[in-house]
Amino acid sequence: ICILREKCGLRARFILRNVIDHQGVEISYDVYDPTLQKIEVLRLEKRLDDNLLYLRDALDEYSTFDVNMEPEILPEGSPVPINEVKVVLKPRPWYARWERHSLLGVANIDEYTNERKRRKAEAVAQPWEKYDLMKEYRRTIPEEEQKEIFTEIYSQLHSLELARKKMKRKRTFVKPTKLA
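Here we summarise the structure given alongside this text. Keep in mind the model is a prediction, meaning the values are calculated, not measured.

Criteria and cut-off values
- Residues numbered from 1 in each chain as written.
- Predicted model: local features only at pLDDT ≥ 70, side-chain atom pairs only at ≥ 80, totals over all residues.
- Heavy atoms only, no water.
- Salt bridge = Lys/Arg side-chain N within 4 Å of Asp/Glu carboxyl O.
- Helix = DSSP H or I, 4+ residues; strand = E, 2+ residues; numbered from the N terminus.
- Patch = residues over 30% accessible without salt bridge, like charges linked within 9 Å, V, L, I, M, F, W, Y side chains within 5 Å.
- Areas by Shrake-Rupley, 256 points an atom, 1.4 Å probe, with all protein chains shown as cover.
- Lys, Arg positive; Asp, Glu negative; His and termini not counted.
- Charge placed at Lys NZ, Arg CZ, Asp CG, Glu CD.
- Buried < 20%, exposed > 50% of the residue type's maximum accessible area, 1.4 Å probe, protein only.
- Pairing = 2+ DSSP bridges.
- Axes fitted to C-alpha atoms, helices over the stretch in contact; angles between N-to-C directions.

1. Considering the pattern of salt bridges
- Evaluated as defined, the whole model comprises 13 salt bridges.
- A salt bridge links arginine 56 to glutamate 26, with the nearest nitrogen and oxygen atoms 2.8 Å apart. Pair noted here: arginine 56 is in the loop between β4 (46–47) and β5 (82–83) and glutamate 26 is in strand β3 (residues 23–30), with a separation of 30 residues, a long-range link.
- For the salt bridge of lysine 147 with glutamate 143, the shortest nitrogen-to-oxygen distance reads 3.7 Å. Of this pair, lysine 147 and glutamate 143 both sit in helix α3 (residues 143–170), four residues apart, which is roughly one turn of that helix.

Structure representation (structure tokens):
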């Protein structure tokens, strides 16, 4: 199962996971690696979450696939089926703090989180808001004053842009002269 697809362009990569002999195995591939001859999709389906890294902490049955699995072919033009399986996590320790993520595909995350951990997860859900000066500024300044300030800023930026273009036109290439 593809648990993660990340980056883009020539650096794009994906991670495949399977459980073989009761041991979780993950392999990371670069999409445009010249040693890859082909990539074959055996079963195409969507999951409730885009990032499936929580399968590392799930029971093995959710990551186990037959090594000799035959491809399942969908009819042409049919929509991609959605797999709505809710994964059961193993007891802690986990790979990450999954209670802090809004995961739709995990069934038993509330079993392992108490009220204190839930409050902590809410507090760190958007930690940057505590330091967001613009949010505080917008909250305290009336909207009419904001519009006045922003129009002044935009006019200053526009005049700076015009001055920069004017200076660019003034600059000319001076041909060096030979010194004897």
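2. As for a negative patch on the surface
- A grouping of Glu144, Glu145, Glu148 and Glu152 is seen on the molecular surface, where their side chains present a negatively charged patch.
- For glutamate 145, the position within the fold is in helix α3.
- A relative accessible area of 41% means that glutamate 145 is categorised as partly exposed.

3. Points about the sheet that holds β3
- Strand order across the open sheet formed by three strands is β1-β2-β3, with antiparallel pairing between neighbours. What marks the edges here is a single partner per strand, and that holds for β1 (2–6) and β3. For this sheet, the mean angle separating the axes of adjacent strands, direction not counted, is 15 degrees.
- Two elements, β1 and strand β2 (residues 13–20), share four bridges in a ladder whose sense is antiparallel. By the bridge assignment, leucine 4 is partnered in β2 with isoleucine 15.

4. Digging into a nonpolar patch on the surface
- Where nonpolar side chains cluster on the molecular surface, the patch consists of Ile149, Ile153, Tyr154, Leu157 and Leu160 and spans about 480 Å² of accessible area.
- Looking at where leucine 157 falls in the secondary structure, it is placed in helix α3.

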